Amino acid sequence: MTDATGAYARAVDRFRSNRCPRSARAPRDEGTVAAYTSGMRIVVGISGASGTIYGQRLVARLAEAGVDVILTMSRSLEKLFPAELGLACDCSKPDLAALFGAAAVSRISYRVPENIAADIASGTFRVDGTVNCPASTGFIGRLSVGASTNLLERAADVALKERRTLVLVPRET
């Protein structure tokens, strides 16, 4: 086995070990998207970047596909959601049905942005991935230097620390 092949095999093993154990997930019914995503847990963070509709649609589509979404948002959305989407948003206790649709609510669990002691702020809480959509440049800058100021940033730090899948969707140019 060459070094490159060995490194690839180790990376695949590391990825598989970071995923939720199969026993904790629902059984698959092969052939459908919902069957593949059933039982997955994804942390979704919506930061204060323009383009909040991307985060809103991502959460709704993931929930529709059977993914358990653990959501956190930045406080700046209290101003951005009304401006961009015409929807009121209180980050202390958001109306998830109004923001993401009534059908999605059963799949979404919300964490307030100030609670940096929440479960998703710990590496022992297993998730299949973390997505920040949209990710503001300020968020990306703080993430790059490890300066977490809220749960949204801490969850991304944990994904990096634990070598889990982290998807950043920068919006600002």
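Residues numbered from 1 in each chain as written. Predicted model: local features only at pLDDT ≥ 70, side-chain atom pairs only at ≥ 80, totals over all residues. Heavy atoms only, no water.

S.K.: Just to check I follow, could you spell out the overall build of the chain for this structure?
M.R.: Regarding its fold elements, the chain presents seven helices and five strands. For the chain, the succession of helices and strands along the chain, N to C, is α-α-β-α-β-α-α-β-β-α-α-β. For the chain, buried positions account for 43% of its 173 residues. Considering only contacts in the chain between residues 6 or more positions apart, those separated by 24 or more positions represent 70%. For the chain, the computed accessible surface area is about 9000 Å², with 56% contributed by carbon and sulfur atoms. (Helix = DSSP H or I, 4+ residues; strand = E, 2+ residues; numbered from the N terminus. Buried < 20%, exposed > 50% of the residue type's maximum accessible area, 1.4 Å probe, protein only. Contact = heavy atoms within 4.5 Å. Areas by Shrake-Rupley, 256 points an atom, 1.4 Å probe, with all protein chains shown as cover.)

S.K.: In this structure, what is going on with helix H7 (residues 151–161)? I would like to understand it.
M.R.: Owing to its 3.6 residues per turn, the α-helix brings residues three or four apart onto one side. Counting buried residues in H7 gives eight out of 11 residues, a clear majority hidden from the surface. Within the span of H7, buried status applies to Leu 151, Leu 152, Glu 153, Ala 155, Ala 156, Asp 157, Val 158 and Ala 159. Where H7 is buried, its residues touch strand E1 (41–46), strand E2 (68–73), strand E4 (129–135), helix H6 (137–145) and strand E5 (166–170). Between the side-chain oxygen at the start of H7 and the backbone nitrogen of Leu 152 there is a gap of 3.1 Å, and the oxygen is on Asn 150. (Polar contact = N/O pair within 3.5 Å; in protein donor to acceptor, adjacent residues only side chain to side chain.)

S.K.: Hey, could you run me through the packing of H6 against H7 in this one?
M.R.: Two numbers describe a pair of packed helices, the interaxial angle and the distance between the axes. Where H6 contacts H7, the axes come no closer than 10 Å and their chain directions differ by 45 degrees. One element, H6, and the other, H7, form an angle in the oblique class. For H6 against H7, the interelement crossing comes out right-handed. Each of Phe 139, Arg 142 and Leu 143 in H6 lies in contact with H7, whose residues at this interface are Leu 152, Glu 153, Ala 156, Asp 157 and Leu 160. Of the residues assigned to the contact of H6 with H7, the class counts are five nonpolar, no polar and three charged. (Axes fitted to C-alpha atoms, helices over the stretch in contact; angles between N-to-C directions. Parallel < 35°, antiparallel > 145°, perpendicular 65-115°, else oblique. Left-handed = near helix turned anticlockwise from the far one by under 90°. Nonpolar A, V, L, I, M, F, W, Y, C, P; charged D, E, K, R; others polar.)

S.K.: Mind showing me how you'd approach the nonpolar core here?
M.R.: Most often, soluble globular proteins keep nonpolar side chains buried together rather than apart. In this structure, Leu 71, Met 73 and Phe 100 are the most contacted members of the largest nonpolar core, which totals 24 residues. Contributions of two or more residues to this core are made by E1, helix H3 (52–64), E2, helix H4 (77–85), helix H5 (96–100), strand E3 (108–110) and E4. If near-sequence neighbours (up to four positions away) are discounted, Met 73 is found in contact with Ile 46, Phe 81, Cys 89, Cys 91, Pro 94, Leu 99, Tyr 110 and Pro 113. Ile 70, Ala 121, Phe 125 and Val 127 belong to the second largest nonpolar core, which has nine residues in total. (Core = buried A, V, L, I, M, F, W, Y, C linked by side-chain atoms within 4.5 Å.)

S.K.: What should I look at first to understand the packing of aromatic side chains in this one?
M.R.: The description of an aromatic ring pair rests on the distance of the ring centres and on the angle between the ring planes. As enumerated under the stated definition, the model contains zero aromatic pairs in all. In this structure, Arg 41 packs its charged tip against the face of Phe 125, placed 4.4 Å from the ring centre. (Phe/Tyr/Trp six-rings, centres within 6.5 Å; stacked < 30°, edge-to-face > 60°. Lys NZ or Arg CZ within 6 Å of the ring centre and 35° of its normal.)

S.K.: Looking at this structure, I do not really get the confidence of the model for the chain. What am I missing?
M.R.: The predicted coordinates of low-pLDDT regions are not to be read in fine detail. Residues of the chain with pLDDT of at least 70 account for 77%, and the chain-wide mean is 83. Of the regions scoring below 50 in pLDDT, residues 21–30 engages in 14 contacts with residues more than four places distant in sequence or in other chains. (pLDDT = per-residue confidence, 0-100.)

S.K.: Would you mind going over the pattern of salt bridges with me for this structure?
M.R.: Opposite charge on two side chains permits pairing when their charged atoms draw close. Enumeration according to the criterion identifies six salt bridges in this entry. In this structure, Arg 75 and Glu 78 form a salt bridge, with 2.7 Å as the shortest nitrogen-oxygen distance. The salt bridge involving Arg 111 is made with Asp 119; its shortest N-O contact spans 2.8 Å. In this structure Arg 111 comes out as buried when scored by relative accessible area, which is 18%. (Salt bridge = Lys/Arg side-chain N within 4 Å of Asp/Glu carboxyl O.)

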